[in-house]
Structure formats: C-alpha cells, structure tokens
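Observations on chain architecture
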2 protein chains.
Amino acid sequence: MNSVRKALLVLEAVADHQPVGVSELASQLGQPKSSVQRALETLHGAGWIRPSSGERTRWELTFRASRLARKAGSHFGLREAVLPHMEELRRQTSETVHLAVFDDSEIVLIERLESPHAVRHVEPLGGRASMLVTATGKAILARLSTEEVDAIHAATVERNDPGTPVPQRDALELELEEVRRLGYATTSSWRDGVFATGVAIIGPSGGPIAALSISTPETRSDEENRRTQAQLLLDHGRQINERLG
Amino acid sequence: MNSVRKALLVLEAVADHQPVGVSELASQLGQPKSSVQRALETLHGAGWIRPSSGERTRWELTFRASRLARKAGSHFGLREAVLPHMEELRRQTSETVHLAVFDDSEIVLIERLESPHAVRHVEPLGGRASMLVTATGKAILARLSTEEVDAIHAATVERNDPGTPVPQRDALELELEEVRRLGYATTSSWRDGVFATGVAIIGPSGGPIAALSISTPETRSDEENRRTQAQLLLDHGRQINERLG
DNA sequence: ATTTCTGTTCCACAATACGGTACGTGATAT
DNA sequence: ATATCACGTACCGTATTGTGGAACAGAAAT
C-alpha cells in the first residue's frame, strides 16, 4: 500500500509546515505534484486536513489527529494510574511534575502538572526529547539491556538534532550505572538552570514504558530538596509499578 | 485513494480498541480480513502502530500521532498568544483556566492551567465536549451564523452522546442571544457543581477559533466572583483578539 | 507585457490493492 | 483423544485505481 505510506508522509509534512500548499509539499517530499495533490484531496475527504481560510489553497491539520494522540499508550491505563501520584507529588514538592513515555528511541511528554511558583519550568506537551540527556530518558535507559542502549545511542547520534548534546557511549554507561545504583536519574544539563530528577515506570510486561520527573529551577534547588524529591519519586514510582504489574 | 481511506479508518479503529487483533477489527469495520491485515502491515511499516507483546498478534498505537497533536491548530500561534493571559487569569482568580478550540462541531481542550486549590475542576487534555452546554462552546456558537449553529446543533443531536444533554434549538437561541448581549457565556449544567465562564477568541479571518474559560467549584462561586471573572475574561479576550487580528 | 510562480485537470499505462479462499495453530468443547 | 472453532497468516488471478508526466488557467512578481 504505497499510497498509504505517501499519504501519511504528506500528513506529517502538512503538520510540520502548515499552512502549506501543494507545490511546497511536493518539492519538500521529492514527489510529483499530482501525487501530493491526490493525497491531499484524500486526506481532506477523510477529515484529517482542511483548506485554510486564506487566499490560495493552503492546508492545515484538523484535530482528528489529537484524538489519536490521546489514546496512544492509553491501554495500560497509564495516565489513570499515574495522575493521582503526580498530583500528590506536586502537592508535596510545589514543583512541576512531568510524565513522559518511551517511544522509538525518544521520549514524548504526555502529561504535566505545573508548579504554582511564578518561576517554573514548562515543556510543551507532545514534545519529543533525547533520551540521553533528560532525567526521564536516563531513568528509562538504565532499565534497558546494553544492546537496546546501544541502538538508542546510535539512533540519537544519527538523528543529529542541533542543540542537543550527545554524550559518548562509555560516559553514558558510567552515568547509567550510577542511576541503577541509586534507582533514579538526575540532570542539570538538559535545560539551562533547571535541575530534574526522574524515575522509570515499569509496564505489565516488565520493561520500562514511561518515566516521572520533577523539575526545579536551580535557584530553588538545594541538597536537601534534591534528596527529598528523589525519595518521593522512588516511593511513588514503587507504588505505581506495583499497581501496573 | 480508497486504500488510504481504509487505512485511516483502521488506524482510528486501532486507537479505539487497542490492543486489538485483525479479526475483531475486520468485523468492527465490516471489511474483509485480508484488507484489514494489509492495512495493519502498512501502518506498521510506516511506524504508526506496533504489534503488542503477546502470543496472538495484537496491535496498538505508537506515539507517532503525538507529533501531529501538538501541531494541530497551532499555526495561528494561538497557544503562544494565549498562554501569558491564561497565566495572568489564574493568578488573578486562583481558579482553573481552560483553552479549547473549535473543531468539527465540537470543542477540544488543548491547554489547561490548574487552580492551586485542593478542590478543583480538571478536564482531560485532548478531550472533546459538546458545544451546546459548555461555556467555551456557547461563547463560540454566539459568534457563528444561524446556519452554522443549526448545523452544529443537528450534528450534536445526531451524535447522540450518552450523558450529554442536548438543549432544544429555540432554547439554545435564547441563550445565545444573552451571550451576545453580555459578551461571555456561563454554564452550571455541564459538570455538576462546577460553574464556568467563557469568552470566544477570534482568529485572523474574523471567525471564532477557540475559547477561554474559568471553572470554579460552586462552593467557592458567588455573585461577586462571577462578575469579576467575567470582566477579567472580557478584558483578556479583547487583548488576545487585538493581537491575533 | 512577460515571466514564473501557483493550484488544478487530464489521461494512457501498469502497478497494486482487492477479497475470496486456504493453511497452520492454538484454545475450547465434546 | 478427538473434533470444532476462532484466530493470524499466506497465496493469487483479476481489474480496479493509483501513477506521474504534460498541459492548463490564473495570480503574483518582474
């Protein structure tokens, strides 16, 4: 089903460049205009994109996709199992709490409860980030086999995102050993001025599927803070894992 | 492109029933097993679904769709334009502030800032709701033409969601006239014990594209509260509309 | 006025999606 | 132990349908 593959590529291209026209998409994808045009019409007919209200026919996403996004990974009952603990964590720490899932060598942020403080760290929901430098990512990596970590490290190197530092494989391994020893991961190198602590969440099959983190501006973060936050995460993580397993 | 249409239907069906097998999908969609099977393989190859880790092959969504979700409707710079005002509104009211967009006769909740209070109203992000009973929905409806309201009313009746009351068309019209007069909409019938006030956000093309609301538990809500909240929403709404227009 | 972009339409060809049928395999029932 | 069922998968001949080059009209830029 080559047409499906193409249509999905067009869909993603629309998402990345909306509002966008046929020709730009065609050159972007290296596809004939006719093919792209046909894909656009089909996607429109299916209700996934709509013509923008501008002059020239520009295309943009409908919210059809957002329905899917919400269901992704929902069959574990992950959100439902984790949200109460996130609420509790925010209450106990007054800092921003994040829930990120593991997907295809990256992590995706799917839920967030914000710190009530004026100065706080907020990442966009649905955003993707490297696993090698984030607290959530490292917490998950520490639970994977050497081969899996190798693959993710290689994929990250290959992706070559600008602005995302990539640690050497051996340096990463040392970090991961520390994470395994402690049971949680920390980061201060992901976002400037933000210190984060994360623990992995283990799915029914025994592998890590997500991670929970607390992000604190370094101006508010001290040794005592960090210790209590790590302990709270370990406690809640254990409770969540018991419930899911 | 019939195959694309089918594949997208399969994708949505997987989302609704994951983890799910070929046969169930086939009977659900009224399609031959072979076709569904082919669609599944294609979707897998494109990275949108993955086989679940069981004996029988069950399919589930990857987080590929989450990339799209973040971009849906984002090209106005809507979130960026509105978020500062949401922050300010929460600071001023200490109640939960919601941002919902108008999509295909329903509203979709895309951003939320929570009340710091222990008792608070929280709707799931990405969730959809009827336009006829929510404060956000009515605020938007009041800006649409009679024909558009007719169409949305009809679509809502047809959808026939259990648990969602549908007002009569003429009663709705009376309500909308009141909303037009005041400039904002209110609701206490959407969620039990929650009073909400909403204003519409007008896009560059002049039509309503979203709405902002404040939700207050009725135990905390009094006449004075409601007046100040409505006034704050009107002020911020006007500022946002100026910036977008 | 001319050029160079758009987005859209047309068409002959062959690729490929189609869906009925059949096979292997576990689970359940007899 | 045997029979039956439901499931996921593989096969295959047919014709449906996606394909992409080329040509078109209109708008914007030169």
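Residues numbered from 1 in each chain as written. Chains lettered and ligands numbered in written order. Predicted model: local features only at pLDDT ≥ 70, side-chain atom pairs only at ≥ 80, totals over all residues. Heavy atoms only, no water.

By the naming in an unreviewed UniProt entry, chain A is Transcriptional regulator, taken from Nitratireductor pacificus pht-3B.

1. A look at the overall build of chain A
What counts here: Only DSSP runs of H or I reaching four residues or more are called helices, and only runs of E reaching two or more are called strands; each is numbered from the N terminus. The classification of residues rests on relative accessible area computed with a 1.4 Å probe and restricted to protein chains. Under 20% of the type maximum is buried, over 50% is exposed, and intermediate values are partly exposed. In this description, contact between two residues means that some pair of their heavy atoms is separated by no more than 4.5 Å. Note that accessible areas follow from Shrake-Rupley with a 1.4 Å probe, and for residues the cover is restricted to the protein chains shown. Residues scored as charged are limited to Lys and Arg (positive) and Asp and Glu (negative), so that His and the chain ends carry no count. Every charge is mapped to an atom, namely NZ of Lys, CZ of Arg, CG of Asp or CD of Glu.
When its secondary structure is counted, chain A shows 9 helices and 8 strands. Principal axes of the C-alpha set define a box for chain A whose edges measure 60 × 40 × 35 Å. Looking at chain A as a whole, 53% of its 245 residues qualify as buried. By sequence separation, contacts in chain A at least 24 residues apart represent 53% of the contacts at least 6 residues apart. Surface exposure of chain A reaches about 11000 Å², of which carbon and sulfur atoms provide 47%. Looking at charge distribution, chain A has the averaged site of its 29 positive side-chain charges lying 7 Å from that of its 33 negative ones.

2. As for the confidence of the model for chain A
As a reminder of what qualifies: A score between 0 and 100, pLDDT records how confident the predictor is in each residue.
Across chain A, pLDDT averages 88, with 96% of residues at or above 70. Mean pLDDT values for the elements of chain A range from 76 in helix α4 (residues 64–71) of chain A up to 97 in helix α6 (residues 135–141) of chain A.

3. Observations concerning the packing of aromatic side chains
Note the cut-off: Planes of paired rings set the category: under 30 degrees apart is stacked, over 60 is edge-to-face and the rest tilted, where pairs are Phe, Tyr or Trp rings (Trp by its six-membered ring) whose centres lie within 6.5 Å. A positively charged side chain is recorded as over a ring if its NZ (Lys) or CZ (Arg) lies within 6 Å of the ring centre. The angle to the ring normal must also be within 35 degrees.
Inspection of the entire model under this criterion finds 0 aromatic pairs over all chains. Sitting over the face of the ring of A:F195, A:R226 holds its NZ or CZ atom 3.6 Å from the ring centroid.

4. Here we look at the protein's contact with DNA strand D
Rules: It suffices for a single heavy atom of a residue to lie within 4 Å of a molecule or strand for the residue to be listed as near it. As used in this structure description, the phrase polar contact means that two N or O atoms lie within 3.5 Å; if the pair is within protein, one of them must be able to donate a hydrogen and the other to accept it, and residues adjacent in sequence are counted only when both atoms belong to side chains.
Lining the immediate surroundings of DNA strand D are 18 residues, of which A:S35, A:R38, B:M1, B:N2 and B:S23 lie closest. Put simply, 70% of the atoms of DNA strand D that lie within 4 Å of the protein are in sugar or phosphate. Measuring from a base oxygen of DNA strand D, one finds a side-chain N or O atom of A:S34 at 3.0 Å. A distance of 2.6 Å is found between a phosphate oxygen of DNA strand D and a backbone nitrogen or oxygen belonging to B:N2. Only α1 (2–17) and α3 (33–45) of chain A together with α1 (2–17), α2 (22–29) and α3 (33–45) of chain B provide two or more residues apiece to the surface near DNA strand D. Sorting elements by how many residues they give to the surface near DNA strand D places α3(A) first, with 3 residues.

5. What to know about the sheet that holds strand β3 (residues 96–103) of chain A
All names here are of chain A. Formally: By the convention used here, strands pair only if DSSP detects at least 2 bridges between them. In this analysis, axes come from line fits to C-alpha atoms, helices being fitted only over the stretch in contact, and the angle between any two N-to-C directions falls in the range 0 to 180 degrees.
Overall, antiparallel pairing links the 6 strands, which are arranged β5-β4-β3-β8-β7-β6 in an open sheet. Two strands lie at the open edges of the sheet, namely β5 (128–130) and β6 (185–187), each paired on one side alone. The mean angle between the axes of side-by-side strands here comes to 35°, regardless of whether they run parallel or antiparallel. Relative to β5, strand β4 (residues 106–113) runs antiparallel, the two sharing 3 bridges. Paired with V108 across the two strands is R128, which belongs to β5. Helix-sheet contacts for helix α5 (residues 78–93) involve β3, β4, β7 (194–202) and β8 (208–217), and the interaxial angle to β4 is about 60°.

6. Points about the protein's contact with DNA strand C
Neighbouring DNA strand C are 15 residues, the closest being A:M1, A:G21, A:S23, B:S35 and B:R38. A breakdown of the atoms of DNA strand C within 4 Å of the protein gives sugar and phosphate a share of 72%. At a separation of 3.1 Å, a base oxygen of DNA strand C approaches a polar side-chain atom of B:S34. Here B:S35 contributes a side-chain N or O atom positioned 2.5 Å from a phosphate oxygen of DNA strand C. The set of elements that each furnish at least two residues to the surface near DNA strand C consists of α2 (22–29) and α3 of chain A together with α1 and α3 of chain B. In terms of residue count, the dominant contributor to the surface near DNA strand C is α3(B) (3 residues).

7. Side note on the packing of α4(A) against α1(B)
Defined as follows: Note on convention: near helix rotated counterclockwise from far helix by under a right angle means a left-handed crossing. Clockwise means right-handed. For this classification, Asp, Glu, Lys and Arg are treated as charged, while Ala, Val, Leu, Ile, Met, Phe, Trp, Tyr, Cys and Pro are nonpolar and the rest, including Gly, are polar.
Following both chains from N to C, one finds α4(A) and α1(B) inclined at 35°, their axes separated by 9 Å at the closest point. The crossing of α4(A) and α1(B) is left-handed. Contacts from A:R64, A:R67, A:L68 and A:K71 of α4(A) reach α1(B) at B:L11, B:E12, B:A15 and B:D16. Classifying every residue of the contact of α4(A) with α1(B) gives 3 nonpolar, no polar and 5 charged.

8. Describing the nonpolar core
Quick reminder of the rule: To qualify as a nonpolar core, a set must consist of buried Ala, Val, Leu, Ile, Met, Phe, Trp, Tyr and Cys residues joined through side-chain atoms within 4.5 Å.
One finds A:L40, A:L78, A:L99, A:I201, A:L212 and B:L40 to be the most contacted residues of the largest nonpolar core, which totals 71 residues. Formed by 24 residues, the second largest nonpolar core is a distinct cluster that contains B:L78, B:V97, B:V101 and B:L113.

9. Considering the interface of chain B and chain A
For the record, the criterion: Buried area, as used here, totals the accessible surface that two parts lose on assembly, with accessibility defined by a 1.4 Å probe and the loss added over both. In what follows, salt bridge is the name for a side-chain nitrogen of Lys or Arg lying within 4 Å of a carboxyl oxygen of Asp or Glu.
Listed as interface residues are 54 residues of chain B and, on the opposing side, 55 residues of chain A. On the chain B side of the interface with chain A, the three residues burying the most area are B:M1, B:E12 and B:F63, jointly 14% of the side's total. The interface formed by chain B and chain A holds 5 salt bridges in total. A:R64 is the partner of B:E12 in a salt bridge, and the nearest nitrogen-oxygen pair spans 2.9 Å. Looking at the side of chain B that touches chain A, the elements with two or more residues in it are α1, α3, β2 (59–61), α4 (64–71), α5 (78–93), β3 (96–103) and β4 (106–113) of chain B. With 9 residues, α1(B) is the largest single contributor of residues to the side of chain B that touches chain A.

10. Comments concerning the pairing of β3(B)
All names here are of chain B. Summarising burial for β3: 7 of the 8 residues are buried, a large majority. Across 6 bridges, the pairing between β3 and strand β8 (residues 208–217) is antiparallel. Looking at β8, one finds that H98 is bridged to S213. Direction of pairing for β3 relative to β4: antiparallel, over a ladder of 7 bridges. Within the sheet, the bridge partner assigned to V101 lies in β4 and is V108.

11. Considering the sheet that holds β4(B)
All names here are of chain B. Ordered by their spatial adjacency, 6 strands build an open sheet running β5-β4-β3-β8-β7-β6, and the pairing between neighbours is antiparallel. Each edge of the sheet is formed by a strand with only one pairing partner; in this case those strands are β5 (128–130) and β6 (185–187). Across the sheet, the mean angle from the axis of one strand to that of its neighbour is 35°, orientation sign disregarded. Here strand β7 (residues 194–202) runs beside β8; their pairing, made up of 9 bridges, is antiparallel.

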